[in-house]
Amino acid sequence: MTDKPVRRHWRLLGVGLVGLLTVVTAVLAVQLGARNLGGVPHRDVVIDGRIPATMYVPGAVPGNSSTVDLPPSPPGGLPAVVLAHGHSADRSMMNWLARRLADAGFVVVTFDFRGHGGNTDRHEIHGFEGRRADLTAVFEWAARQSYVDERRIAVAGHSMGAAAVVDFATHDTRPVATMALGGSVASVEGGVTARNMLFLVAQGDPVLVRDEAVRTAEEVFGGDIDFGSEYGDIAAGSAVGLREIANSNHLSMLYAGQTADLMADWMDRAAGPGAAPRTTDDDTRLLAVFYLVAAVGVLFGLGMLAGTVAGRRPDRRGAGWRALPLVLVAVVLPIPFLAWGDAGLLIGVEAGGALALLLGVAGVLLLAVRRLDPVRRWLTPTGPVPAYAATASVAPPGAAPARVAPPEPAPEAVAPPAGPRPEAPTAGVRRLLLPVALAVGGLLLVLLPVGPTGHTLVPTPARIVIALLMALIMLPFFHVVDDLLRAGSPLAASGWSLAARVLILGAVMVGVGNAVLPGMLGLYLMVLAPFLILLELVVAGVYVASRDPRLTAPVQALALGWLLATLSPVVW
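Just so you know, these numbers come straight off a predicted model, no measurement behind them.

Participant: How do you make sense of the overall build of the protein chain when you look at a structure like this?
Facilitator: Tallying secondary structure elements over the protein chain gives 16 helices and nine strands in all. Counting every position in the protein chain, which comprises 572 residues, the buried fraction comes to 50%. Contacts in the protein chain between residues at least 24 apart in sequence constitute 74% of all its contacts with a sequence separation of at least 6. Of the roughly 26,200 Å² of accessible surface on the protein chain, 65% is carried by carbon and sulfur atoms.

Structure, rendered in structure tokens:
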């Protein structure tokens, strides 16, 4: 077989594999949708015209109408849990835990804090007044529902939500129990003695989170507390418990069966039993993992399609490893100058905006520094072309002067041939718009089915504006980095690009560890790391088909801007 038939064979095999994975992904997406819409009966509502919320009710309804029909409300109502999400999360992240508590017999109400998810009110950066107002509105709404016994409502929250419910329970006498997951406040300021407080921390939680949970539990109890112990009398409302969720981290504890079991047991003893427990086949954890694995081929094929639409450019040579120190220095250098506070507030979001500004400043530095002659020589392995090799009038040092031929007469002017005018400079940009939209829009479409399991991925209008602003800020960085590193063979291009991302994430971790960058960026890395891998699949496909860094750079800037704008709390 010649080379051409071999390449055609592998190309057809690759297209067939991508096609198969596309079918598998589509089937799994349908299954994810069916489980999210079905299973535990639930209904989306808007509380007080401003707080998006979801109520989960124990029981079952016929068919797949669990979002339309709710089972009859029991006489006297059931115990309920108002479940609050953490910083940069939304109520979708509490979906799995809410369903498990509903299966255990309790009504559960999840909601979006101000500035998070679909709540368009401004995020409260300092203090608890705003979050306390949100919790009060949701608590009172839940108490009015026929499914709920207003005397048996508990509050629970994760991370920032844990601090919020501890604050709420020490200002309001109504919660029958409080459950703080992965976070709390170091000092209780309310004058009310909260009833039956359970503190849960993940085995892999940061030391700061674990220490705050212990300090708060000890302040509530009034003495030393050990992990795995329970103090006080739960019947009298004075119980305080401290538990560790094994084999989990700050995020995965929300999907741990041990978390749901401990919360259900605490509710049973503090609020009384709910409806008869049942098991609903709507667990999306493993299905979501299978979906993302199958989506690998789809994302690469999506990138190939976008690159094919853009057209292929000639192969070129990149800087390779020589560019990595330059990228690292450009990212590290601005970090001390961002230590004045959360720089992301300048563009309307907390935490995530700081990363966008850091990359934006690094991009400007790279644009400027790479124009310096020493840097250009460093980035060019073969060195600059000598002047004598490019100019006929200059001889090499020590060489005999060459004879100069007499100048030839200038040719007669020839009229340009008739035909299409030369392409305008903006035509290339216009030609890239469709491929970029295809790659970024396709990535969003592929990831949407996992949103109800983790985080809502559809941005509000304000977040769309912020996403575009962050993409514009980060675009110079991705343009320079891809121009330097994304060259040569596809394997080398992806390898050097991934190496640069590892260096960037490492620099961010150092900045967070030294309290120079916002601490929440450390938790963002748990989401950013897998997202950047999925994004690289799209970008690698784009590069294989186009070899065009002008296309790969805006795809990365827009995709990362969309993710950061979706996660980050909005302060505008």
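Text resumes after the structure shown.
Participant: How should I be thinking about the sheet that holds strand E2 (residues 51–56) in this particular structure?
Facilitator: Taken in spatial order, the nine strands make up an open sheet running E1-E2-E4-E3-E5-E6-E7-E9-E8, and their pairing is mixed. In this open sheet, the two edge strands, each paired with only one partner strand, are strand E1 (42–47) and strand E8 (229–231). Strand-to-strand twist in this sheet, taken as the mean axis angle between neighbours without regard to direction, amounts to 20°. Relative to strand E7 (residues 197–202), strand E6 (residues 178–181) runs parallel, the two sharing four bridges. Residue pairing across strands places Met179 opposite Leu198, the latter belonging to E7.

Participant: Explain helix H5 (residues 207–221) here, please?
Facilitator: Given 3.6 residues to a turn, an α-helix orients residues that are three or four positions apart in the same direction. Over its 15 residues, H5 runs 21 Å from end to end, which matches the ideal 21 Å to within 8%, given 1.5 Å per residue. Looking at the buried residues of H5, the elements they touch are helix H4 (160–169), E7 and strand E9 (240–245). Looking one or two residues past H5, Gly222 carries a phi angle of roughly 90°, positive in sign.

Participant: Could you clarify how one ought to interpret the packing of aromatic side chains in this entry?
Facilitator: Within the structure shown, the criterion is met by seven aromatic pairs. A ring pair is formed by Phe139 and Phe168, whose centres lie 5.7 Å apart and whose planes are at 45°; its orientation type is tilted. Of this pair, Phe139 sits in helix H3 (residues 129–143) while Phe168 sits in helix H4; the two residues are 29 residues apart in sequence, bridging distant segments of the chain. Using a relative accessible area of 1% as the deciding quantity, one classes Phe168 as buried. Between Phe221 and Tyr231, the aromatic rings sit 4.9 Å apart at their centres with planes inclined by 40°, giving tilted as the arrangement. In this pair, Phe221 is assigned in helix H5 and Tyr231 in strand E8, connecting sequence segments ten residues apart. The aromatic ring of Trp378 is capped on one face by Arg322, whose charged end is 4.9 Å from the ring centroid.

Participant: Sorry if this is basic, but what is going on with empty space enclosed by the protein here?
Facilitator: Over the atoms rolls a probe the size of a water molecule, and its path tells where empty space is left. In total, this model carries three cavities of 30 Å³ or more according to the counting rule given. Its volume calculated, the largest cavity comes out at about 130 Å³. Lining the largest cavity, in full, are Leu355, Leu359, Phe477, Phe478, Arg501, Ile504, Leu505, Leu528, Leu532 and Leu560. Considering every element that reaches the lining of the largest cavity, the biggest residue donor is helix H14 (residues 490–513), with three residues. Looking at the lining of the largest cavity residue by residue, the class counts come to nine nonpolar, no polar and one charged. Size it by volume and the second largest cavity reaches roughly 60 Å³. Contributing to the lining of the second largest cavity are Phe477, Phe478, Val481, Asp482, Arg486, Ser497, Ala500, Arg501, Ile504 and Gln556. Of all the secondary structure elements, the ones that give two or more residues to the lining of the second largest cavity are helix H13 (461–485) and H14. A per-class count over the lining of the second largest cavity returns five nonpolar, two polar and three charged.

Participant: Even after reading the chapter, I still don't get the pattern of salt bridges, so can you show me in this structure?
Facilitator: Should their charged atoms come close, side chains of opposite charge can pair. Evaluation of the coordinates by the stated rule reveals 25 salt bridges. The residue Arg486 makes a salt bridge to Glu536 at a minimum N-O spacing of 3.0 Å. In this pair, Arg486 sits in the loop between H13 and H14 while Glu536 sits in helix H15 (residues 520–546), placing the two residues 50 residues apart along the sequence. What makes Arg486 buried here is its relative accessible area of 1%. According to the relative accessible area criterion, Glu536 is buried, its value standing at 4%. One network of salt bridges, in which partners are shared, links Arg50, Arg114, Asp121 and Asp134.

Participant: Even after reading the chapter, I still don't get a nonpolar patch on the surface, so can you show me in this structure?
Facilitator: A contiguous nonpolar surface patch, about 400 Å² in accessible area, is contributed by Leu286, Val289, Phe290 and Val293. For Leu286, the location among the structural elements is in helix H7 (residues 285–310). The exposed category is assigned to Leu286, whose relative accessible area is 55%.

Participant: Would you explain the packing of H7 against H15 in this entry?
Facilitator: Relative to each other, H7 and H15 sit at 35°, their axes nearing to 6 Å. Remark: the crossing between H7 and H15 carries right-handed chirality. Counted together, Leu292, Val296, Leu299, Phe300, Gly303, Met304, Ala306, Gly307 and Thr308 of H7 and Leu534, Leu537, Val538, Ala540, Gly541, Val542, Val544, Ala545 and Ser546 of H15 form the full contact between these two elements.

Participant: What is the right way to read the nonpolar core from this model?
Facilitator: Generally speaking, nonpolar side chains in soluble globular proteins are found buried as a group. Core analysis: the biggest nonpolar cluster contains 84 residues, and Leu443, Met470, Phe477, Phe531 and Leu564 have the highest contact counts within it. With twelve residues, the top contributor of residues to this core is H15. Non-local contacts of Leu443, meaning those with residues more than four positions away in its chain, are made with Leu299, Leu302, Phe531, Leu535, Val538, Ala559 and Trp562. Core analysis: the next-biggest nonpolar cluster, separate from the first, contains 37 residues, Met93, Ala98, Ala102 and Ala177 among them.

Participant: Would you mind showing me how to read the layout of surface pockets here?
Facilitator: Of the volumes computed, that of the largest pocket is approximately 1,000 Å³. In this structure, the largest pocket is lined by 36 residues; those nearest its centre are Leu292, Gly454, Met526, Val527 and Pro530. At the level of secondary structure, the elements contributing two or more residues to the lining of the largest pocket comprise H7, H15 and helix H16 (549–567). The dominant element in the lining of the largest pocket, judged by the number of residues it contributes, is H15, at nine residues. Looking at the lining of the largest pocket residue by residue, the classes come out as 23 nonpolar, twelve polar and one charged. Its boundaries defined by the atoms lining it, the second largest pocket holds a volume of some 900 Å³. In this structure, the second largest pocket is lined by 28 residues; those nearest its centre are His87, Ser159, Met160, Leu208 and Met520. Going through the elements one at a time, H4, H5 and H15 are the ones with two or more residues in the lining of the second largest pocket. Partitioning the lining of the second largest pocket into residue classes produces twelve nonpolar, eleven polar and five charged.

Rules and cut-offs
- Residues numbered from 1 in each chain as written.
- Predicted model: local features only at pLDDT ≥ 70, side-chain atom pairs only at ≥ 80, totals over all residues.
- Heavy atoms only, no water.
- Helix = DSSP H or I, 4+ residues; strand = E, 2+ residues; numbered from the N terminus.
- Buried < 20%, exposed > 50% of the residue type's maximum accessible area, 1.4 Å probe, protein only.
- Contact = heavy atoms within 4.5 Å.
- Areas by Shrake-Rupley, 256 points an atom, 1.4 Å probe, with all protein chains shown as cover.
- Pairing = 2+ DSSP bridges.
- Axes fitted to C-alpha atoms, helices over the stretch in contact; angles between N-to-C directions.
- Expected span 1.5 Å × (residues − 1).
- Phe/Tyr/Trp six-rings, centres within 6.5 Å; stacked < 30°, edge-to-face > 60°.
- Lys NZ or Arg CZ within 6 Å of the ring centre and 35° of its normal.
- 1 Å grid on protein atoms, 1.4 Å probe; cavity = no way out; pocket = protein on both sides within 12 Å on 5 of 7 lines; lining within 4 Å.
- Points joined across faces, edges and corners; volume = space filled by probe spheres on them.
- Nonpolar A, V, L, I, M, F, W, Y, C, P; charged D, E, K, R; others polar.
- Salt bridge = Lys/Arg side-chain N within 4 Å of Asp/Glu carboxyl O.
- Patch = residues over 30% accessible without salt bridge, like charges linked within 9 Å, V, L, I, M, F, W, Y side chains within 5 Å.
- Left-handed = near helix turned anticlockwise from the far one by under 90°.
- Core = buried A, V, L, I, M, F, W, Y, C linked by side-chain atoms within 4.5 Å.

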